[in-house]
Amino acid sequence: QVQLVESGGGLVQAGGSLSLSCTVSGSGSIGLMGWYRQAPGKQRELVATITSVESIDYADSVKGRFTISRDNAKNTMYLQMNSLKPEDTAVYYCKARARRFGWSDYWGQGTQVTVSS
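Note that the structure is a prediction, hence the values are computed from the model and not measured.

Draft legend 1. Highlighting the pattern of salt bridges. Following the criterion strictly, the structure yields 5 salt bridges and no others. Linking Lys-63 and Asp-60 is a salt bridge whose minimum nitrogen-to-oxygen distance equals 2.9 Å. When its relative accessible area of 63% is taken as the criterion, Asp-60 is described as exposed. Between Asp-88 and Arg-65 there is a salt bridge; the shortest N-O distance is 2.8 Å. In this pair, Asp-88 sits in the loop between β8 (76–81) and β9 (90–99) while Arg-65 sits in the loop between β6 (56–58) and β7 (66–71), placing the two residues 23 residues apart along the sequence. Bridged by salt links that share partners, the residues Arg-37, Glu-45, Arg-65 and Asp-88 form one connected network.

Cut-offs applied
- Residues numbered from 1 in each chain as written.
- Predicted model: local features only at pLDDT ≥ 70, side-chain atom pairs only at ≥ 80, totals over all residues.
- Heavy atoms only, no water.
- Salt bridge = Lys/Arg side-chain N within 4 Å of Asp/Glu carboxyl O.
- Buried < 20%, exposed > 50% of the residue type's maximum accessible area, 1.4 Å probe, protein only.
- Helix = DSSP H or I, 4+ residues; strand = E, 2+ residues; numbered from the N terminus.

In structure tokens, the structure reads:
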């Protein structure tokens, strides 16, 4: 089975920093990966994506503040979040396109990020 596990969420003051990680297990090759977030009462939105060769795309709301990266040898993706704002508060989800008897998209369980003013 393919499994994605996020970690690193927590409570931080506005202007602070937080690092998230997502580790994939049970998979062969991993293609496109991304971070998404969902605030209460709102739709899930894209934060950033990164391909297997590290082509990156960011949402406008996080450009210049967040950095996405991946370590293919460790099957792990990261999100470094700096200059955090209260509006960044959300559950952050990891998504990965992985091969296990074929290609499919998989989601992690989510990790809560709360930014206080």
